[in-house]
Amino acid sequence: MTRGTFISFEGIDGAGKSTHIERVAALFRQAGRAVVLTREPGGTALSEKLRELVLHEPMDALTEALLMFAARREHLVQVIEPALARGDVVLCDRFTDATFAYQGGGRGFDWQVLLQLERMVQTSPDGLLRQPELTVWFDLDPQIAAERLASARVPDKFESQPTAFFAAVRAGYARRQTDMPERFARIDAAQTREAVGADVARAVQAFLERGRA
Ligand code: TYD
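No experiment lies behind these values; they were computed from the predicted model shown.

A. Quick look at the pattern of salt bridges. Applying the stated criterion across every chain yields a total of 15 salt bridges. The salt bridge partner of Arg86 is Asp88, with a shortest N-O separation of 2.9 Å. Judged by relative accessible area, which is 51%, Arg86 ranks as exposed. Note on Asp88: relative accessible area 10%, which makes it buried. Several salt bridges share partner residues, and in doing so they unite Asp97, Glu118, Arg176 and Arg183 into one network.

B. Main features of the nonpolar core. With 37 residues, the main nonpolar core has Leu91 and Tyr102 as its most contacted residues. Broken down by element, this core gets its largest block of residues, five residues, from helix α8 (residues 193-212). Sequence-distant contacts of Tyr102, that is, excluding residues within four places in its chain, are made with Gly11, Ile12, Asp13, Arg94, Arg107, Phe158, Phe165, Phe166, Val169 and Tyr173. In this structure, Leu76, Ile80, Leu84 and Phe100 belong to the second largest nonpolar core, which totals 18 residues.

C. Geometry of the site of the ligand. Looking at the ligand, there are 16 residues lining it, with Asp13, Arg94, Thr99, Gln103 and Glu159 nearest. One nitrogen or oxygen atom from the side chain of Arg51 is found 3.1 Å from an oxygen atom belonging to the ligand. In the model, an oxygen atom of the ligand is placed 3.3 Å from a nitrogen or oxygen of the Arg72 side chain. Contact with the protein chains hides 91% of the accessible area of the ligand, taken as 550 Å² for the molecule alone. If you list the elements that add at least two residues to the shell around the ligand, you get α2 (45-56), α3 (61-86) and α4 (96-106). Here the residues of the shell around the ligand are counted per class, giving six nonpolar, two polar and eight charged.

D. Molecular detail of the sheet that holds strand β2 (residues 35-39). Spatial strand order, β2-β3-β1-β4-β5: five strands in an open sheet with parallel pairing. Either end of the sheet is taken by a strand with one partner, and the two such strands are β2 and β5 (184-188). Pairs of neighbouring strands in the sheet enclose a mean axial angle of 20°, with direction left out of account. Note: strand β4 (residues 134-139) against β5, five bridges, orientation parallel.

E. Here's a closer look at helix α5 (residues 111-122). Between the first and last C-alpha of α5 there are 16 Å, a value that for twelve residues agrees with the 16 Å anticipated at 1.5 Å per step. Every buried residue of α5 is accounted for by Trp111, Leu114, Leu117, Glu118, Val121 and Gln122. Burial along α5 is one-sided: seen end-on, the buried residues are contained in an arc of 115°. Exposed residues pointing more than 90 degrees away from the buried face of α5 are listed as Arg119 and Met120.

F. Expanded view of the packing of aromatic side chains. What the rule picks out here adds up to eight aromatic pairs. Members of the aromatic cluster, connected to one another through ring pairs, are Tyr102, Phe158, Phe165 and Phe166. Over the ring of Trp111 we find Arg175; its NZ or CZ atom is 3.9 Å from the centre of that ring. Across the ring face of Phe100, the terminal group of Arg176 is positioned such that the distance to the ring centre comes to 3.7 Å.

So, how was this worked out
- Residues numbered from 1 in each chain as written.
- Predicted model: local features only at pLDDT ≥ 70, side-chain atom pairs only at ≥ 80, totals over all residues.
- Heavy atoms only, no water.
- Salt bridge = Lys/Arg side-chain N within 4 Å of Asp/Glu carboxyl O.
- Buried < 20%, exposed > 50% of the residue type's maximum accessible area, 1.4 Å probe, protein only.
- Core = buried A, V, L, I, M, F, W, Y, C linked by side-chain atoms within 4.5 Å.
- Helix = DSSP H or I, 4+ residues; strand = E, 2+ residues; numbered from the N terminus.
- Contact = heavy atoms within 4.5 Å.
- Near = heavy atom within 4 Å.
- Polar contact = N/O pair within 3.5 Å; in protein donor to acceptor, adjacent residues only side chain to side chain.
- Areas by Shrake-Rupley, 256 points an atom, 1.4 Å probe, with all protein chains shown as cover.
- Nonpolar A, V, L, I, M, F, W, Y, C, P; charged D, E, K, R; others polar.
- Pairing = 2+ DSSP bridges.
- Axes fitted to C-alpha atoms, helices over the stretch in contact; angles between N-to-C directions.
- Expected span 1.5 Å × (residues − 1).
- Arc of directions from axis to C-beta.
- Phe/Tyr/Trp six-rings, centres within 6.5 Å; stacked < 30°, edge-to-face > 60°.
- Lys NZ or Arg CZ within 6 Å of the ring centre and 35° of its normal.

Printed below as a string of structure tokens:
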């Protein structure tokens, strides 16, 4: 039976993960693997509609968390689980750790409730909790991220938050890494783009070697 590979990419806004996801996709394609490049919130037609709402409309914290998980449920059922069943590589630009970091850390929403929602939404048909096998976390000082974002496009609801919000988001990611160190690879995103790219490639390589051992 073929087995897919599930990798997520995380970090605060401005940490610069996007270009690196493309490079990881190219690495896997060169190795002959089929790659599904996707993102959250989003990844299906319905989830992209939910993304529009959640990124632009003001709403209650529980509503926001529920919409993130509703979008995730659709994405898992329609895209991620079928791709993993085919044996594909799924590269996901943000996944559940973003909900813990942004809604849990940033918004201060109840961590235990998020854990319950995670279990409800991500339990796969085989009864296991579906999680990325590797999470590449682009970790960056929120002050540096804010400077990078200042020259970017019109900010959405999250990008327009103050630096203190992103410090709390960063702490949320750190808490997830502490809870699940085995699947996290922390990358120092303050380095040059080339150095970050090299670290990402090394992290993916180390992950693949662990799988073969
Ligand atoms: P992002 O992934 O940064 O996309 P883009 O590069 O197009 O801006 O934007 C998604 C935003 O949604 C980001 O600010 C983080 C936020 N988010 C949450 O708050 N909770 C979540 O569960 C997810 C997946 C994202």
